[in-house]
Amino acid sequence: MPYHRYRPYQERVHVPAPADQRRSWPQARIERAPLWVPVDLRDGNQALAEPMDTGRKRRFFDLLVSMGFKEIEVGYPSASRTDFDFVRHLARRAGGSGGDALPDDVTVVVFTPAKPELIDRTFESIKGLPRAVVHLYIPTSPVWRDVVLGRSRSEVYEVVKEAAAHMARLADARPDADIRFQFAPETFNLTEPDFVLEVCDGLTELWDASPDRPVTHNLPATVEIATPNVYADQIEYMHRNLARRDSVILSVHPHNDRGTGVACAELAVLAGAQRVEGCLFGNGERTGNVDLVTLALNLYAQGVDPMIDLSDIDAVREVVEHCNRLSVHPRHPYAGDLVHTAFSGTHQDAISKGFAQHARRAAELGMPEREAPWDVPYLPIDPADIGRTYEAVIRVNSQSGKGGMAYLLRTRHGLDLPQDMRPDFSRVVQEATDDSGQEATAKELYELFRATYVAPGQDGDVALCSWTTDRAPDGAHRFVCTLQVGERAGDFEGVGNGPLSAFADALAAAGIGVDILDYAEHAVGEGGGSEAAAYARCRVGDVVRWGAGLDTSVLTASVQAVLAAVNRAGAAG
């Protein structure tokens, strides 16, 4: 491959080292969420094969409001009639009342290039909005100046100053509205840092920014060109050197061309950024904008309030998929269908043990499991916190182990298999899934368990036609039964120190030698009418087999379990 055609970032842009040669971002910690600004309705929308109409935009906007976003970029009103009409739709809502009104704590952001006629159109769109941010942009990097704009540094700066002054005049003509300003030097990460600083400081002064009326400088990684630490250095340079720093909201807008958009955003916040623009689930041109859902839940997993509501992640995803006409990948962090799911046997075993330990810890602390500290292997957050059930956490296929199968039978069907029985059932399941090549659902596992271990006690070569048991005054148990063995039937009796040993003695009288090696039982559910489950491991001749029984009577379930083991051993013989 002709790798020599491409230049490393250091040959394209110079990133000044800190004056004291010490970076602050590697030692910083994110202790609060930045201001999240979704740009799905503008940047994300312009990347869609089928851009959103007003109805889809309205549904998406209402979702963003319900999640708690306070600034929302809603469109590029000078670029299309649809975007203009949607901003006008919101302006009409601003004058309404009730549930359809624009919330008082939500600010609309509109996007405009540095052209007077397009700025006019943009201000026309926001007429009637009580507050808005007008986002001015222009490309600033050498290749964009040369190839796209055909202008020098000084000429680009003049264009920006004239556009910014025009915006200020239009805003002054609207004293009834709170109109703030935002500037984005597009392709910031490829632009000379001193030039970006010169332009941003000039606009801060021109717009007369103050702490109570700050300006936003949004510094995009329009196309990723380097590792995230380089972007962090660029942001820290701006953070340290911007004039009127307390009057500037330092914002970032990472893209994902190198697949490191999330890392760029996180390191940028460590480096001093206060605001992050992105899209829910990372939609956007090329490989997408930075993913706000992942960023927010990354903070959540560190014990930091993300300041947006993701407690029903599937409802959020459904709206986004509908509006974008794009599916969220099943492996998408936090939100994908498979991200909380374990197929691997070792993972399943660890998760199952983690759930059990979590339940014990919650009981010891005297608090509900949903509020207890979370520390479960392979699950960075509790799926229930984002509205997921535990049903999909463990799923079984040919790669799965005994722990996952046992977990599903216990949690979905109330069957707590003895530890020594689990490897036996695991082999049965693996054979079935190897043959089918498919995943086995919890229902299918239950049916396979019944067919393998329970059914032989009810329908096999050795059948109990009738039976009774009683106890003699000396404590011995007597088991009287009619057995069907193949083609012959007969009455048999056995004695033992318990009902099962007496049953084994009756089987011996019928010519079937049985040793009961292991036995366990438990209630399947709660209440007097619930079923009991019994499990028995028996040696019949030289063959050892497990059997199981299910019945409202514990004794009946126990007898069925022994009989199932006998029939399974006979079939094996």
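Now for a look at the structure at hand. Computed from a prediction, not measured in an experiment: that's the story for all the values here. (Residues numbered from 1 in each chain as written. Predicted model: local features only at pLDDT ≥ 70, side-chain atom pairs only at ≥ 80, totals over all residues. Heavy atoms only, no water.)

Description of the packing of helix α7 (residues 193-206) against helix α8 (residues 228-241)
The contact between α7 and α8 brings their axes to 11 Å, and the two run at 40°. In this view, α7 runs oblique relative to α8, as classed from their interaxial angle. The crossing of α7 and α8 is right-handed. Residues Pro193, Asp194, Val196, Leu197, Cys200 and Asp201 of α7 touch α8, and the partners they reach there are Tyr237, Met238 and Asn241. Residue classes in the contact of α7 with α8 are distributed as 6 nonpolar, 1 polar and 2 charged. (Axes fitted to C-alpha atoms, helices over the stretch in contact; angles between N-to-C directions. Helix = DSSP H or I, 4+ residues; strand = E, 2+ residues; numbered from the N terminus. Parallel < 35°, antiparallel > 145°, perpendicular 65-115°, else oblique. Left-handed = near helix turned anticlockwise from the far one by under 90°. Contact = heavy atoms within 4.5 Å. Nonpolar A, V, L, I, M, F, W, Y, C, P; charged D, E, K, R; others polar.)

Points about the state of the cysteines
This model, assessed by the stated rule, comprises 0 disulfides. This cysteine, cysteine 465, is not joined by any disulfide, and cysteine 481 carries the nearest cysteine sulfur, 9.0 Å off. On the basis of relative accessible area, cysteine 465 is assigned to the partly exposed category, the value being 49%. Classification of cysteine 481 by relative accessible area gives buried; the value is 2%. (Disulfide = S-S within 2.5 Å. Buried < 20%, exposed > 50% of the residue type's maximum accessible area, 1.4 Å probe, protein only.)

What to know about the environment of alanine 502
Tracing the sequence through the fold places alanine 502 in helix α16 (residues 499-509). For alanine 502, a relative accessible area of 0% gives the class buried. For alanine 502 and arginine 478, which are 24 residues apart along the polypeptide, the C-alpha to C-alpha distance reads 5.8 Å. Alanine 502 has contacts with His477, Arg478, Phe479, Gly494, Val495 and Gly496, leaving out every residue within four places of it along the chain.

Re the pairing of strand β14 (residues 543-551)
When strand β13 (residues 532-540) meets β14, the two strands line up antiparallel, connected through 9 bridges. For alanine 536, the partnering residue across the bridge sits in β14 and is glycine 547. (Pairing = 2+ DSSP bridges.)

Section: the sheet that holds β13
With respect to topology, 3 strands assemble into an open sheet ordered β12-β13-β14, the strand pairing being antiparallel. Two strands bound the open sheet, and with one partner strand each, they are β12 (514-523) and β14. Taken over all neighbouring pairs, the strand axes of this sheet differ in orientation by 15° on average, direction set aside.

Structural notes on helix α3 (residues 81-94)
An α-helix turns once every 3.6 residues. As a result, residues three or four positions apart point the same way. Given a rise of 1.5 Å per residue, 14 residues ought to cover 20 Å, and the 20 Å separating the end C-alpha atoms of α3 matches this to within 8%. Considered for burial, the residues of α3 that qualify are Asp83, Phe84, Phe86, Val87, His89, Leu90, Ala91 and Arg93. The elements touched by buried residues of α3 are α1 (40-44), α2 (54-67), β2 (71-75), β3 (107-113) and α4 (116-125). (Expected span 1.5 Å × (residues − 1).)

A closer look at a nonpolar patch on the surface
A cluster of nonpolar side chains, Val143, Val147 and Val148, forms an exposed patch at the surface whose accessible area comes to about 280 Å². Counting through the fold element by element, valine 143 comes out in helix α5 (residues 142-149). (Patch = residues over 30% accessible without salt bridge, like charges linked within 9 Å, V, L, I, M, F, W, Y side chains within 5 Å. Areas by Shrake-Rupley, 256 points an atom, 1.4 Å probe, with all protein chains shown as cover. Salt bridge = Lys/Arg side-chain N within 4 Å of Asp/Glu carboxyl O.)

Topic: the nonpolar core
Burial of nonpolar side chains together is a common tendency in soluble globular proteins. Trp36, Val74, Leu136, Trp207, Ile235 and Leu280 are the most contacted members of the largest nonpolar core, which has 95 residues in total. Looking at this core element by element, the count peaks at 9 residues for helix α6 (residues 153-172). Apart from the residues within four sequence positions on either side, valine 74 is in contact with Leu41, Arg42, Lys57, Phe61, Phe86, Val87, Leu90, Val108, Val109 and Val110. (Core = buried A, V, L, I, M, F, W, Y, C linked by side-chain atoms within 4.5 Å.)

Some details on the environment of isoleucine 235
Here isoleucine 235 is to be found in helix α8. Owing to a relative accessible area of 0%, isoleucine 235 belongs among the buried residues under this scheme. Separated by 220 residues in the primary sequence, isoleucine 235 and valine 15 have C-alpha atoms spaced 9.9 Å apart. If we skip the residues at most four places from it in the chain, isoleucine 235 touches Phe188, Leu219, Leu250, Val252, Ala268, Ala271 and Ala273.

Observations regarding the side chain of histidine 135
Secondary-structure assignment places histidine 135 in strand β4 (residues 131-139). The exposure class assigned to histidine 135 is buried, which follows from its relative accessible area of 1%. A polar side-chain atom of histidine 135 sits 3.2 Å from a polar atom in the side chain of glutamine 182. (Polar contact = N/O pair within 3.5 Å; in protein donor to acceptor, adjacent residues only side chain to side chain.)

Quick look at the sheet that holds β4
In a beta sheet, neighbouring strands pair by backbone hydrogen bonds and run either parallel or antiparallel. Overall, parallel pairing links the 8 strands, which are arranged β1-β8-β7-β6-β5-β4-β3-β2 in an open sheet. Both edges of this open sheet fall to β1 (35-38) and β2, since each of them pairs with a single strand only. Strand-to-strand, the axes of this sheet are offset by a mean angle of 30°, without reference to chain direction. Note: β1 against strand β8 (residues 275-278), 4 bridges, orientation parallel. Bridge pairing in β8 links tryptophan 36 to valine 276.

Regarding the packing of aromatic side chains
A complete count under the given rule lists 13 aromatic pairs for this structure. When the centroid spacing of 5.2 Å and the interplanar angle of 80° are considered together, the rings of tyrosine 76 and phenylalanine 111 count as edge-to-face. Taken together, the residues tyrosine 76 in the loop between β2 and α3 and phenylalanine 111 in strand β3 connect sequence positions 35 residues apart. We classify tyrosine 76 as buried; its relative accessible area is 16%. With relative accessibility at 7%, the residue phenylalanine 111 sits in the buried group. Chaining the aromatic ring pairs together yields one cluster made of Phe425, Phe449, Tyr453 and Tyr535. Looking at arginine 121, its charged tip hangs above the ring of phenylalanine 84, at a distance of 3.6 Å from the centre. (Phe/Tyr/Trp six-rings, centres within 6.5 Å; stacked < 30°, edge-to-face > 60°. Lys NZ or Arg CZ within 6 Å of the ring centre and 35° of its normal.)

None of this, on its own, says anything about what the molecule does.
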